[in-house]
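Structural features, examined
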Amino acid sequence: FRRVLFRSFTLMTKKKNNKLLSTSINKKTSSLMDDFNSSIDIDQRLIEEDILVTQAHVSALEKLKVISTIEAKKIYQGLNEILNDYQKGKIKFSKKNEDIHMNVEYFLHQRIGDIALKIHTGRSRNDQVATDTRLWTKKSAKEIQKLIKMIMRSILNQANKHQETIIPGFTHLQIAQPLSLAHHLLAYLEMFKRDLDYFEFSIHGADENVLGSAALAGSNYQLDQNLLNKKLGFSKSKQNSMDGVSDRDFCMYFLHACSMTSIHLGKLSSELILWSSNLVGLFNVHSEYSTGSSIMPQKRNPDSLELIRSKANIIRTKSQEFSNVISNLPLTYFKDFQEDKKIIFECFDELSLCLNVMSDVIKKSHFNKKIGVELCETNFATATDLADYLVIEKNIPFRKSYKTIAAIVQFALNNKMKLSEISLKEFQKFEKSIDSNIYQYIDVKKSLARKKTNMSTNPKEVSKKIRKFQKFLK
Ligand code: ARG
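Residues numbered from 1 in each chain as written. Predicted model: local features only at pLDDT ≥ 70, side-chain atom pairs only at ≥ 80, totals over all residues. Heavy atoms only, no water.

1. So, the overall build of the chain
Selection criterion: Here a helix means four or more residues in a row that DSSP labels H or I, a strand means two or more in a row labelled E, and each is numbered from the N terminus. Only C-alpha atoms enter the radius of gyration; for comparison, a globular chain is expected to reach 2.2 Å times N to the power 0.38, where N is the number of residues. A simple rule labels every residue: compare its accessible area, found with a 1.4 Å probe on the protein chains alone, to the largest value its type can have, and call it buried under 20%, exposed over 50%, or partly exposed in between.
Along the chain, the regular secondary structure elements total 20 helices and four strands. In terms of overall size, the chain is more extended than a compact globule, its C-alpha atoms giving a radius of gyration of 32 Å where 474 residues would be expected to give roughly 23 Å. Expressed as lengths along the three principal axes of its C-alpha atoms, the size of the chain is roughly 115 × 55 × 40 Å. Within the chain, the proportion of its 474 residues that are buried is 47%.

2. Observations regarding the site of the ligand
Counted only if it meets this: Put simply, a residue is near a molecule or strand once any heavy atom of it comes within 4 Å of that molecule or strand. Distance and chemistry together define a polar contact, namely a pair of N or O atoms within 3.5 Å, with one atom able to donate a hydrogen and the other to accept it when in protein, and with adjacent residues in sequence counting only for side-chain atoms on both sides. Methods summary: accessible areas were calculated by the Shrake-Rupley approach with a probe of 1.4 Å, and residue burial reflects only the protein chains presented. Here the term charged refers only to Asp, Glu, Lys and Arg, the term nonpolar to Ala, Val, Leu, Ile, Met, Phe, Trp, Tyr, Cys and Pro, and the term polar to all other amino acids, Gly among them.
The environment of the ligand is formed by Ser39, Asp99, His101, Arg125, Asn126, Val129, Tyr333, Gln338 and Lys341. Between the ligand and Asn126 there is a distance of 3.0 Å, counted from a nitrogen atom to a side-chain nitrogen or oxygen. For the ligand, whose accessible area on its own is 340 Å², the fraction buried by protein is 86%. Residues that form the shell around the ligand fall into these classes: two nonpolar, four polar and three charged.

3. Observations concerning the packing of aromatic side chains
Rules: Two rings belonging to Phe, Tyr or Trp (six-membered ring only in the last case) form a pair when the distance between their centres is within 6.5 Å. Interplanar angles under 30 degrees mark stacking, angles over 60 mark edge-to-face geometry, and anything in between is tilted.
Within the structure shown, the criterion is met by 15 aromatic pairs. For the ring pair Trp136 and Phe348, a centre distance of 5.6 Å and an interplane angle of 75 degrees mean the geometry is edge-to-face. Residue Trp136 is found in helix α7 (residues 125-161), and its partner Phe348 is found in helix α13 (residues 340-364); the two are separated by 212 residues along the sequence. The pair formed by Trp136 and Phe348 is uniform in burial state, with each residue classed as buried. Taken together, a centroid distance of 5.8 Å and an interplanar angle of 70 degrees make the contact between Phe427 and Tyr439 edge-to-face.

4. Here's the deal with unusual backbone geometry
With omega at 0 degrees, the peptide bond leading from Leu331 into Thr332 counts as cis. By secondary structure assignment, the location of Thr332 is in the loop between α12 (303-326) and α13. Not every positive phi belongs to a glycine, and Glu98 is a case in point at roughly 65 degrees. By the secondary structure assignment, Glu98 is in the loop between α5 (69-87) and α6 (100-112). In this structure, Lys416 takes a positive phi of about 50 degrees despite not being glycine.

5. Describing the packing of α7 against helix α11 (residues 249-276)
Rules: In this description, a line fitted to the C-alpha atoms serves as the axis of each element, helices being fitted only across the stretch in contact, and the angle between N-to-C directions of two axes falls anywhere from 0 to 180 degrees. Oblique is the label for every angle not falling under 35 degrees (roughly parallel), over 145 degrees (roughly antiparallel), or within 65 to 115 degrees (roughly perpendicular). Handedness of a crossing is defined here by the sense of rotation of the near helix relative to the far one, left-handed for an anticlockwise turn of less than a right angle and right-handed for a clockwise turn. For this analysis, residues touch if any pair of their heavy atoms sits within 4.5 Å.
Put simply, α7 and α11 touch, their axes get as near as 10 Å, and they point 20 degrees apart. With respect to their mutual orientation, α7 and α11 come out roughly parallel. Read as a crossing pair, α7 and α11 show a hand that is left-handed. Between α7 and α11, the residues in contact are Ala130, Thr133, Arg134, Trp136, Thr137, Ser140, Ala141, Ile148, Ile151 and Ile155 and Phe250, Cys251, Phe254, Thr261, Leu265 and Leu268, respectively. Class assignment for the residues of the contact of α7 with α11 results in 11 nonpolar, four polar and one charged.

6. Notes on the pairing of strand β1 (residues 166-171)
Threshold: Only when DSSP finds a minimum of two bridges between them are two strands counted as paired.
As paired elements, β1 and strand β2 (residues 174-180) share six bridges and run antiparallel to each other. Note that in β2 the partner of Thr171 across the bridge is Gln174. Between β1 and β2, which pair antiparallel one after the other, the connecting turn spans two residues, and His172 there sits at a positive phi close to 55 degrees.

7. Section: the environment of Arg316
Summarising the element assignment, Arg316 is placed in helix α12. With relative accessibility at 37%, the residue Arg316 sits in the partly exposed group. Separated by 59 residues in sequence, Arg316 and Ala257 have C-alpha atoms that sit 9.6 Å apart. The contacts of Arg316, once residues within four sequence positions are left out, are Ser259, Ser262 and Ile263.

8. Section: a nonpolar patch on the surface
What counts, and what does not: Like charges within 9 Å and nonpolar side chains (Val, Leu, Ile, Met, Phe, Trp, Tyr) within 5 Å are joined into patches, using only residues over 30% in relative accessible area that form no salt bridge. The term salt bridge refers to a pairing of a side-chain nitrogen on Lys or Arg with a carboxyl oxygen on Asp or Glu at a separation within 4 Å.
A cluster of nonpolar side chains, namely Leu216, Met242 and Leu331, defines an oily patch on the protein surface of about 260 Å² accessible area. Considering the arrangement of structural elements, one finds Leu216 in the loop between α8 (181-206) and α9 (225-232).

9. Topic: the confidence of the model for the chain
This is how it is decided: Predictor confidence is given residue by residue as pLDDT, running from a minimum of 0 to a maximum of 100.
Mean pLDDT for the chain: 95, with 95% of residues reaching 70 or above. The model gives residues 8-17 a pLDDT under 50, and that stretch makes three contacts with residues more than four places away or in other chains.

10. Digging into the side chain of Ser38
As for its placement among the helices and strands, Ser38 is situated in the loop between α2 (31-37) and α3 (40-43). Once residues lying within four places of it in the same chain are set aside, the contact partners of Ser38 are Met33, Lys95, Glu98 and Gln338.

11. Concerning the side chain of Ser456
Along the chain, the position of Ser456 falls in the loop between α19 (444-450) and α20 (459-473). A polar side-chain atom of Ser456 sits 3.2 Å from the main-chain amide nitrogen of Asn458. With near-sequence residues (within four places) excluded, Ser456 lies in contact with His183, Lys451, Glu461 and Val462.

12. Brief notes about helix α15 (residues 383-394)
Going by this rule: Every helix has an expected span of 1.5 Å times one less than the residues it contains.
Compared with the 16 Å implied by 1.5 Å per residue over 12 residues, the 16 Å span of α15 between its first and last C-alpha is a close match. Of the positions making up α15, those classed as buried are Ala383, Asp385, Leu386, Ala387, Tyr389 and Leu390. Where α15 is buried, its residues meet α16 (398-414), α18 (438-442) and α19. Of the residues flanking the end of α15, it is Asn395, one or two places downstream, whose phi is positive at about 55 degrees.

13. Here we look at the pattern of salt bridges
Under the defined criterion, the tally for this structure stands at 34 salt bridges. A salt bridge links Lys90 to Asp85; the nearest nitrogen and oxygen atoms lie 3.9 Å apart. Lys90 sits in the exposed class, given a relative accessible area of 57%. Exposure remark for Asp85: the relative accessible area of 16% places this residue in the buried category.

Structure representation (structure tokens):
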């Protein structure tokens, strides 16, 4: 009898509990709506942030004596246990509880009883979810920054190894002028360094506490902002509660930063795919990151890079997706916002993956040291240097020297010769003043050292930049 009594008692309290935590009073939603409305499958990822935010909020309520110290302790402990159990895979969320906020509250109630019913005092899920998302965005932007630094290190190591490696530089995909491979790779370090700044900006945008905004008008409790900011690591609070619950600009900044990084990743992958083609042969994707063909036994395909390229393109669409969700909404909170997290999570996951893969591809793959000089020579990559020879040593105006060298290149093409194979006598037929110094200007290696500006491919400048980046990435 006692057992039956106990069972019916627990059933009663369970029923009561569910009702107490309900978000709609005395109305039952259809199970189709429960499924449709629920975001727990997506936002359970915010559990750590959500628990942290609730603990901070409870400490503010404790300071106001809305919650006693003994109660607060039980709440902190209960929340810590929930997080622990979650990390051990022991928690099963329910769609009945809609989202991570309702689920955490539900589990806390199960664990510590009616004290849990006090945690939602003076706040709303509107400021709660915005705060969770801000914390997640800050954390994730910092993680991406770490991955960007990792890829920068991979690139820098290759640049350091290839200071002497000559490659042809391209414009319009046509061989243009000789470069060092290091110089080429360092261009990507500049891009990724800008990306770090962009993510810093997105961290700055997310770095505002909105707790105290409550549903939209502000809280009826004087929640200590300094305390909240300190506990949650925010450097300031929002100035306007309505902006507090509706502002998702920081997500846009984050997605834009992801978009910029993916543009740079796409450029790099596209280029390496091209370089790995048999037609070019400057790059061999490591066997760990290339795959064979099911029919052609000789093939190695740069699949890793091709996937990065297409994923990078998809990542760029995320900021568009997100702006579609938040655009044209009047103030303040709408359920539309619930769709926002899926987008930022997907974007983060895909970009992290791409950065990890690209970093390892660069680290392990092989750049061909030998082929570049030949490509430069057979494609007259030092023709500009020859034009400058006539300007510098023979005082011929550039437009004139350009024409003379163009004629010489045409002659070499017609006779299937490299510039270095043309005799001095032949050269003098085009311009009498040409002397044997011209061969110095034909030399591909010497072309690099001839560059005078500090942003040039001059090996001295390149090695300076390498040292600068080594210091930066230490
Ligand atoms: N699951 C919701 C979201 O992600 C939480 C906020 C719900 N607020 C509300 N008033 N229905 O946006």
